Amino acid sequence: MSQQPSPPSPSAIGQDTYRSKGIDNLHFLPTCPVGHEASCVRSFQNSNPATLATFGSVEQNVFIPTLHDDPTLEVTAIASMFRRSPLCVASLSQLRDGDVIGAHEDTVELLQRVFPNQKVVASPRGTKNTDLLEGKYQGIQAYTTTEVPALRRLMEGRGIDPSKVQFRVLEDESGADADEGVNLGYSEHGMEMTTARRRPSFPSVKMIIKIKQIGGPETFLPSDLMWRLVSRAVAKRERNTTSASAVVVASQLKNRFDQRHAVRNNNGGRLLSALSGGSSPDVAVQLDYYMSPQFAGVACALVDDTYRSKGIDNLHFLPTCPVGHEASCVRSFQNSNPATLATFGSVEQNVFIPTLHDDPTLEVTAIASMFRRSPLCVASLSQLRDGDVIGAHEDTVELLQRVFPNQKVVASPRGTKNTDLLEGKYQGIQAYTTTEVPALRRLMEGRGIDPSKVQFRVLEDESGADADEGVNLGYSQMLFVANEALDASTPDRREAAQAFLEATFQGWQAAIRDPDAAIEAVAEAQKMLGLDDEANDHWVDTPSFRRDMLDLVNDHVKETFVGDRLGVLSKNRWGKATEWLLHDKENADPTFGMDATDLWQPPSNLLHGNELGRELLHDAKMSALKFEEAHGRKPSLAVVTVGELPRYGHSERRKQLYSNPSNSWFAKAEAGEANGFDVAEVNLPEGTTTDALLSEVYKLRDNVDGIQVMWPLPDSIDAARVYNAVPLDKDVDGIHFSSWGSKYPPVTPAGTMELIRHHDVEVRGKHVLVVGRSPIVGSPVAHMLREAGAMVTVAHSGVDSETLQYMVGKADVVVTCAGSPGCVRASWLKDGAEVVNVGTTFCEEADVLLSDVEGDIESRARRYSPVPGGVGPLSIPMLFRNVAQAAWDQMEVEGGSSDASWRKEPAMLRKSFHFDSYTSALQFAQKVDQMSTIMDHHANMRIVHQCAKGVDLEMEFFSFEANELTQKDYDAARAVDLIHQDKPIEMSDFGYDLREGSIALFPADPRGSSRLLRVDSRGRVSHFDRFADSVPSLLEGCHVVFNDSRVLDARLSVKLGDGKEVELMLLDLGNIDPALSCSEHAIRAMIRSESVSKGDVYVEPASGAEVEVVDVRGVWEEEEGSGGNGCDCVVKIRSRDDIATFLGSNGSVPIPPYLNRDAVPSDKNRYNNVYAKDGGSVAAPTAGLHFTDEVLKELGESNISTLTLHVGAGTFMPVLSRDAREHPMHAEHFFVRVGELRRIVDSLERGKPLLVVGTTSTRTLESLYWLGAKLLRGLLPPNSNGIRRLELGQFDWIPLSVADPSISPASALGALIDGLRDDEIVGGRTSLMITPNSYKFKVIDHLITNFHAPDSTLMLLVSAFLGKQSNVARIYETAQKRGYRFLSYGDACLFSRPGIKLPSDRQ
């Protein structure tokens, strides 16, 4: 029920009765949320002590519990307008046990007490009568004075007999024993409102409440509820000129404001911006909490007169409102004050989104945020156990229960939460890391309790290893605005909104730079606004608490910096949180509630890296969490520093201004702890010797996953010896990159390239100038740019200014890595150039970070990276990404019997491998020999037999002519390690429980109506209801490759003599053309019989054709339920027809055996793709089954290429070997027209992402890459007829990947078509096996595929494609729970390789 103070009766106003009684100035407060009447009265009286009496109205059944829970309200019941409550339950028939009653949320508990045999639930108020008539509830909370007569009229209008209404007045529910009956006490209902806005159907005013004490010094709070009502009264007077008293009140309040709150003029004019005259304010603000360090930026902007400097002369602060009502208060104020240019509010996204979704008429939009991440947590004194009780704010109970399903979450008082936890009332409490947690620690210290016992679980950390299932609350202290301020047709409103944000975040910059002054500003703002500190047990009125709180708050605020400003909302982060918050809503729009006009987004010409860095750091954290989950420990890093590094002289100031402990390069141990890594910092004195430093490095090599030796080392140390002591597999800083290669890229250069890729800076074929050539930044950046196809020039410190100016003026892209402010002048830049600022220097005098470029870059460059906010934020994420990868890589080779690493001797690499038997050692030696042939670098090998103890195989690599170690030696050693991975790839690690009901027996109808599951470049999962509707926009900007092979009718029924008919299934046509005669070719087939012999002659009954078995190869094994195993054999069909004609006349569609059904006529069409051309497959390339002609048309012919790989039945063979790598991979033949391949190469050269439809297309293109690499290495000599035989072995890719990892996809594919005409064909045979953990994709960026069987090689392929950031089995299990359909006729998946976004993601 509404709680607005009841206005006097119309006659009392009309006859001026109040004035006749001596009340010249009567003021009506606005409607407040249910249950807050007493607190509103108390708040108003406290803020306006000169007011003689403040009354309120409420029901006794609300008043008594409220006052009992909070006696400090100090209010007393004095009279009543109703003696008896009209509260009832209305129904259309007698209520039965279990019936559902819809009630107001504040009355559920009361009604449940009265109706214990029914289920009482919270329900909407505005549609209660309609809900009852439509059967949503069997009963509804109602009032005999309003809803019941209205319900009867509604029934009459619908032709329903109104006499059917039954209503049970609660106070009549006494039964025979009146002593046990319901007693709700006094009430009042149905008075007409005269001043405040109200709902059309207004259900209440209740008992009158009077303040007990009046007095104290006279003060006035211009931001209180009073002013909001005055504005409404003035607006009403302007509308109907009937309320003269409103003008009197406004005039009196204005006079009091002018007298008591004139502009404060301390230090050049500190201003309290508030309403002036009877006009509306320029800007109004509804904060969601009391003025505290939480709003230090607002306080600084207010006290320092920043708002006025931005043109806001009249700023109005609305009073604190109950949680969840911020949006409605903003909307109400804007409606009542239409002349106000912009009305802002602050709130958490997890409150804002559900509120706005439930009531879109609020018409407010999120525009910026003060916190990027919610500090919401649950604090406890010990580990929470199942069944423990968590006390939470009433508006957060449901959310916390979702996050903590094994605990019981209950509503609890806010003011005593810390005390309640310490006294054991709850085992956990809702808290915020910025306030309650530091206050709780102080409270514990005061009680003699060890404050370190506090445990707090930040909700957004409750992700575990599966990011898809994690908590996403989004932004906190988010700023939203009434939609009028975003209207493009009212530029003055947009300018006001922009000015408010500029001032607010300028205030936050001040708070970050000078926290002590910010604390003073908060105190000053409290005085200016007439506010005191909140009275509760989680506020400590001490300077140290305020400073601690502000430091924590500032860290949150700095996380919102993007490009050139604080407060930026990321569409990506917003969307993921919105999807999580609206998880139970269908078709939720990820951008719902967020500003689409980009009012507060950084300029498009900035190559900013802040949000990218946060996303990459989150990815590294998820990888670390998964690693810990898998291996029981965290990835580990040791950072070794010798002496004081000059460039770290201002590290503390830089950390304060630009980062926080969770992501600062200057706080690696804290950053590691925050992100799931163990980081040990080893700080050695300046005088440390080379040997002493080497000793430290040697000790670390066996104890950590990664080692970072900080550069530069003192001149007295032999840096080369020290860096060479860091093993390749632990070189997470990439120090070996510029010498003989590094497994992991140098972090800052890698971050530079990530920034370039993220913003689509075109470097291929462009003239790129790198300024600076240090071994840790400049040189690696230049190398990486060359690999990306750039024409790179490097300018070192010895280049004179005139020459450098010339070089800069010629460059399309300038990458500055010098760390020398002003070494490049902006005026030297070519118009339209792009600039990536890598080198930075902190200037103590100016207290700012400077780039290498001096001058106005914006006037010359098309785009540039800002300082700060460009490359800098990417270094720590890249470091931790390397550490996580190193940890995974080392665990993959551990557990075997080989030495941890190769022993490095002066001119030799040596390693020993142990095997159980002589045979296994020889088999491994043969693999190494084959690899060595491809790499053209052979090993010395020696076998030592140790009898029962097995066999040792000792291996050496060295370059004889060089007489020293070369790159070839290191490459060969890495290839051997890839071949010898003692830990098997077990299918159980990639399996899942495929439920029979999840297998799609028939395709989605119509074609294209299947669902789509997407895993993006960060491993995040999203869902789309209809493939054909979502794919065209998702694939925009990609080049799409299809397999156009057509399925033959390859299943026959045959008989042997008088026996029964059995299945004969063609397994693979190989390179046989189906247009050729049957009788001329032997074809591999499966006969589903266990007694097949060479020479057997079967007969196909329909044609009478004989089928002779010419060879028996062995048993053909299939998955369970496929009809049993068969015989793998070779047959000849004695028919004059060609193969395609014979099969078309006598065969049937070879639908998969696991469907356990016969083919039906519709399978002929639906088991083929709409674009299928050349027949030859015996199983469909099923990923394409979802595409329709309309979708292909939307994609555009110029964005499509096709290839042909005829799918064999080997695709259905389960992996049965213990180690999946021992599974004999089936070979398949492929054909690609040169013109199609040329279009693919062209797309690669232009940087257009390649999206491949199906695992068959993937296997073909990846095979073509390795075949091209073979050709470039001279390993594909032509046959005698001049035709090259293109054939790829199962693991040929291993030595090729090590021998020359820098071959680009375009170069490899281009080599295959060099000199060929577009109408020619490139064909071959591939046995490529793609397995997780070691295979790195070379060509494919994105993949559309189906859900695969748990024991198939395709599970290995997609697991390798998604990498360690995504657990495919877990994704599949979740998909089954969501009702996705699996296997050939099932739904689709769209996967992106880690770190590679779809072009549509960047829009």
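Up top you'll find the structure we're talking about.
In this text the structure is predicted, and so the values were computed from the model without any measurement.

A. A look at the overall build of the chain. When its secondary structure is counted, the chain shows 41 helices and 52 strands. Sequence-distant contacts in the chain: of pairs separated by 6 or more residues, those separated by 24 or more amount to 74%. For the chain, the computed accessible surface area is about 58100 Å², with 48% contributed by carbon and sulfur atoms.

B. Just the sheet that holds strand β6 (residues 139-143), in detail. In space, the five strands of this open sheet follow the order β5-β4-β6-β3-β7, with mixed pairing throughout. Edge positions in the sheet fall to β5 (119-122) and β7 (166-169), since each has one partner strand and no second. Strand-to-strand twist of the sheet, defined as the mean angle between neighbouring strand axes without regard to direction, takes the value 35°. Two strands pair when backbone bridges link them, and strand β4 (residues 100-103) and β6 are joined in this way by two bridges, in the parallel orientation. Bridge pairing in β6 places isoleucine 101 opposite glycine 139. Sitting on the sheet, helix α7 (residues 147-157) is in contact with β3 (87-91), β6 and β7, with an inclination near 120° to β6.

C. Expanded view of the packing of aromatic side chains. Under the definition given, this model contains 25 aromatic pairs. Where phenylalanine 677 meets phenylalanine 880, the ring centres are 4.6 Å apart and the plane angle is 25°; that geometry is what we call stacked. Taken as a pair, phenylalanine 677 in the loop between α23 (668-674) and β20 (678-684) and phenylalanine 880 in helix α29 (residues 875-893) lie far apart in primary sequence, 203 residues in all. Comparing phenylalanine 677 with phenylalanine 880, the two get one shared label, buried. For the pair tryptophan 1266 and tyrosine 1335, a centre-to-centre distance of 6.2 Å together with 75° between the ring planes defines the contact as edge-to-face. You can see tryptophan 1266 sitting in helix α37 (residues 1255-1272) and its partner tyrosine 1335 sitting in the loop between β50 (1321-1326) and β51 (1342-1346), a full 69 residues away along the chain. Judged by relative accessible area, tryptophan 1266 falls into the buried class, the value being 1%. Following the ring pairs from residue to residue traces out a cluster consisting of Tyr1265, Trp1266, Trp1293, Tyr1335, Phe1337 and Phe1361. It is arginine 402 that lies over the ring of tryptophan 580; its NZ or CZ is 3.5 Å from the centre. The ring centre of phenylalanine 1002 lies 3.8 Å from the NZ or CZ of arginine 1157, which sits over that ring.

D. Region of the structure containing empty space enclosed by the protein. Summed over the entire model, instances satisfying the criterion amount to 11 cavities of 30 Å³ or more. Of the voids in this model, the second largest cavity is the one considered here, and its volume is about 90 Å³. What lines the second largest cavity is a set of 13 residues, among which Pro1003, Ala1004, Arg1166, Leu1185 and His1186 lie closest to the centre. Split into classes, the residues belonging to the lining of the second largest cavity amount to five nonpolar, five polar and three charged.

E. Structural context of the state of the cysteines. Per the counting criterion, the structure on display carries zero disulfides. Between cysteine 321, a free cysteine, and cysteine 329, which holds the nearest cysteine sulfur, the sulfur-to-sulfur gap is 3.9 Å. No disulfide involves cysteine 817; its sulfur sits 9.8 Å from that of cysteine 823, the nearest cysteine. The class for cysteine 817 is buried, based on a relative accessible area of 10%.

F. Here's a closer look at the packing of helix α18 (residues 515-528) against helix α19 (residues 543-558). It is the contact of α18 with α19, at a shortest axis distance of 10 Å, that shows an interaxial angle of 110°. Regarding the angle of α18 to α19, the classification is roughly perpendicular. Residues Pro515, Asp516, Ala518 and Ile519 of α18 form the contact with α19, whose own contacting residues are Arg546, Arg547, Leu550, Asp551 and Asn554. Within the contact of α18 with α19, the residues separate by chemical class into four nonpolar, one polar and four charged.

G. Summary view of the packing of helix α13 (residues 349-358) against helix α20 (residues 571-581). Two elements in contact, α13 and α20, have axes separated by 10 Å at closest approach and are oriented at 60°. Put simply, α13 runs oblique to α20. For α13 against α20, the interelement crossing comes out right-handed. Between α13 and α20, the contacting residues are Gln349, Asn350, Phe352 and Ile353 on the first element and Trp574, Ala577, Thr578 and Leu581 on the second. For the contact of α13 with α20, the per-class residue count stands at five nonpolar, three polar and no charged.

H. Examining the nonpolar core more closely. Membership of the largest hydrophobic core comes to 99 residues, with the highest contact counts inside it found for Phe924, Met955, Val976, Leu1013, Leu1261 and Leu1264. Residues within four places of leucine 1013 in sequence aside, it is in contact with Val1021, Ser1022, His1023, Phe1347, Ile1371, Ala1375, Tyr1380, Ala1388, Cys1389, Leu1390 and Phe1391. The next biggest cluster of nonpolar side chains, apart from the first, holds 56 residues, and it includes Met291, Ala299, Val540 and Leu599.

I. Representation of the sheet that holds strand β11 (residues 342-347) within the structure. What the five strands build is an open sheet, ordered β10-β9-β11-β18-β12; its pairing is mixed. The open sheet has two edge strands, β10 (315-317) and β12 (364-371), and neither has a second partner. Within the sheet, the average angular offset between the axes of one strand and its neighbour, ignoring direction, is 25°. The pairing of β11 with strand β18 (residues 476-482) spans four bridges and is antiparallel. What sits directly across from valine 347, in β18, is methionine 478. Sitting on the sheet, helix α12 (residues 326-336) touches β9 (283-286), β10, β11, β12 and β18, and the angle it makes with β11 is about 170°. Set on the sheet, α13 makes contact with β11, β12 and β18; between it and β12 the angle comes to about 175°.

Conventions we followed
Residues numbered from 1 in each chain as written. Predicted model: local features only at pLDDT ≥ 70, side-chain atom pairs only at ≥ 80, totals over all residues. Heavy atoms only, no water. Helix = DSSP H or I, 4+ residues; strand = E, 2+ residues; numbered from the N terminus. Contact = heavy atoms within 4.5 Å. Areas by Shrake-Rupley, 256 points an atom, 1.4 Å probe, with all protein chains shown as cover. Pairing = 2+ DSSP bridges. Axes fitted to C-alpha atoms, helices over the stretch in contact; angles between N-to-C directions. Phe/Tyr/Trp six-rings, centres within 6.5 Å; stacked < 30°, edge-to-face > 60°. Buried < 20%, exposed > 50% of the residue type's maximum accessible area, 1.4 Å probe, protein only. Lys NZ or Arg CZ within 6 Å of the ring centre and 35° of its normal. 1 Å grid on protein atoms, 1.4 Å probe; cavity = no way out; pocket = protein on both sides within 12 Å on 5 of 7 lines; lining within 4 Å. Points joined across faces, edges and corners; volume = space filled by probe spheres on them. Nonpolar A, V, L, I, M, F, W, Y, C, P; charged D, E, K, R; others polar. Disulfide = S-S within 2.5 Å. Parallel < 35°, antiparallel > 145°, perpendicular 65-115°, else oblique. Left-handed = near helix turned anticlockwise from the far one by under 90°. Core = buried A, V, L, I, M, F, W, Y, C linked by side-chain atoms within 4.5 Å.

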